[in-house]
Amino acid sequence: MKRHAFILKLFVAFLSRCKGGVCPPTMLQSAVAVVAPGRTNSIIVGVAGLEAVLKEREARSVSDCLTTPLATGGSRNVLPRTRGREARSVSDCLTTPLAIGGSRNVPPRTRGREARSKATASRSDCNRRQPLCAAPHPGPEAVVCRPHPAFTLVELLVVIAIIGMLVGLLLPAVQQAREAARQMQCSNHLRQLGLAALNVESSVRTLPSAGWGHTWMGDPDAGMSWGQPGNWHFTLLPALEQNALFQLPGDGQVPESPTDTAKKNGTIVLETPLSVFYCPSRRPVTVVTTAGYTLSNSTQPTLSAKGDYAANCGAYAGGSGYYSNMKTPVADIVTMRKENRWMNLSQDYTGVIYQFSKVAIGQIRDGLSNTILFGEKGLDTQFYTTYVYEGSYIWGEDCAEYCGENHHKSLRSTYGGYYTGNNFTESTYRHPKQDRSGYPACGEVFGSAHAGAFGITLCDGSVQRLPYSVSSEVFHCLGNKADGKSVALPQ
């Protein structure tokens, strides 16, 4: 108890002589002289021994922090540029004020907080700057450097697999969105063709015709009715804001007596494709191979423009009128034009556009919204850009689109059978079909490259999607402008 009282007195006297928190060794001597005047030397020697022990511990802590053992037991190999940073970091980490003879003026209550703050800062600085990891050592201010985080091979493979699965799930949706956009653009083309045909009808009181035959190029001097030798594609050019192209082969002469300039300009027209005549889902807007027919009023190019839309020539029982007219001599056609003697083929074609046709809106008795005007035409995928002759039949398209009709190049039939009284006998030979290789077998059918349905333009200018599964009888009646049958479009 006496020893404890003596130490307490000595500590109180020591603190009473400290000013501003700084206690140099001289203050300790004066405090000992006050409490124990006779034992000053022995106490001072004990305190000096205590200071030596504290300094030895501090030196050992510094040595532990600076020396990091490697796997082989060697000292740490630090790059020269990082040694100064490491020394400053370790110095800041290990500098701790002593209670006796300290150099910093730090309040006692904040020493622990400051030590913890410095330890945290030193750890982050060490993790950021030092390339190697230092071995941890005991103490509240220990600096532990951890390696930089990185992906393992397994984690990388898992991420790649997840990305692949996401792409596999999203790719079909992207393709469907693209096809929906192309289908909408195709429907817009059909709408433009329908409005253009109605504008022509309002001007000349008849819908455009399919021309005189495949050996005749369009001529702007021949008008826009049945006397026009070119196809309905050529007749619609002014209404499609292509009047300059329409007027290019004009020379003020009759079609059978063109000038050399008119022939040359006619070739330019045949080589000019327009996007409004092409389905974006089938083929690009470009020219394709054309047969070397001799044209009466132009020069046939090797490559010419084509089209993916056809007019409704109706439901006909045979092709006698069509084929006999196609082979009608040029002189006879010229004579008919001069005499204004119209070749009436309405007995073979019940539709709205065919060769030498002159169908007015008033003749569509079944209603404009119940009669097909234009539609997408079916094609074999093998003949998108070429054609093949098999005997007297042609697979594909061998003629330029602005020339007159040939082998149903720009016309399609809606023939689905025939009536015996009120009984309908179905025939699927000319039923609408989707494009496939080797199919459709008949080149006279409607169809498209789209799945599920194809687009049609009705005579009122509206555009509808007609499924391939449409009834043959309904489709047969939609192609007849005046059969008196009441039909409704399938939903």
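1. Some words on the sheet that holds strand E13 (residues 463–467)
Item 1. The mixed open sheet is built from 5 strands, whose spatial order is E7-E3-E4-E12-E13. Where the open sheet ends on each side, the last strands, each with one partner, are strand E7 (411–413) and E13. Averaged over all neighbouring strand pairs, the angle between strand axes comes to 40°, with direction disregarded.
Item 2. By the bridge criterion, 3 bridges tie strand E3 (residues 309–314) to E7 in an arrangement that is parallel. In the strand pairing of E7, Gly314 is matched with Ser413.
Item 3. Seen against the sheet, helix H6 (residues 153–204) touches E3, strand E4 (372–376), strand E12 (453–458) and E13 and runs at an angle of roughly 150° to E4.

2. Re the pattern of salt bridges
Item 1. One pass over the full model with this rule turns up 5 salt bridges.
Item 2. With its nearest N and O atoms 3.3 Å apart, the salt bridge here joins Asp308 to Arg282. Of this pair, Asp308 sits in the loop between strand E2 (303–304) and E3 while Arg282 sits in the loop between helix H9 (260–270) and strand E1 (288–289), placing them 26 residues apart in sequence.
Item 3. Residue class for Asp308 comes out buried when judged on its relative accessible area of 0%.
Item 4. Exposure remark for Arg282: the relative accessible area of 8% places this residue in the buried category.
Item 5. One salt bridge in this structure joins Arg282 and Asp435, with 2.7 Å as the shortest N-O distance.

3. Quick look at the pairing of E4
Item 1. With 5 of its 5 residues buried, E4 lies for the most part within the structure.
Item 2. Looking at chain direction, E3 and E4 are connected through 3 bridges and run antiparallel. By the bridge assignment for E4, Ala311 is matched with Phe374.

4. Examining the environment of Met184
Item 1. Along the chain, Met184 falls in helix H6.
Item 2. Between the alpha carbons of Met184 and Pro280 there is a distance of 9.8 Å; along the sequence they are 96 residues apart.

Cut-offs and rules
Residues numbered from 1 in each chain as written. Predicted model: local features only at pLDDT ≥ 70, side-chain atom pairs only at ≥ 80, totals over all residues. Heavy atoms only, no water. Pairing = 2+ DSSP bridges. Helix = DSSP H or I, 4+ residues; strand = E, 2+ residues; numbered from the N terminus. Axes fitted to C-alpha atoms, helices over the stretch in contact; angles between N-to-C directions. Contact = heavy atoms within 4.5 Å. Salt bridge = Lys/Arg side-chain N within 4 Å of Asp/Glu carboxyl O. Buried < 20%, exposed > 50% of the residue type's maximum accessible area, 1.4 Å probe, protein only.

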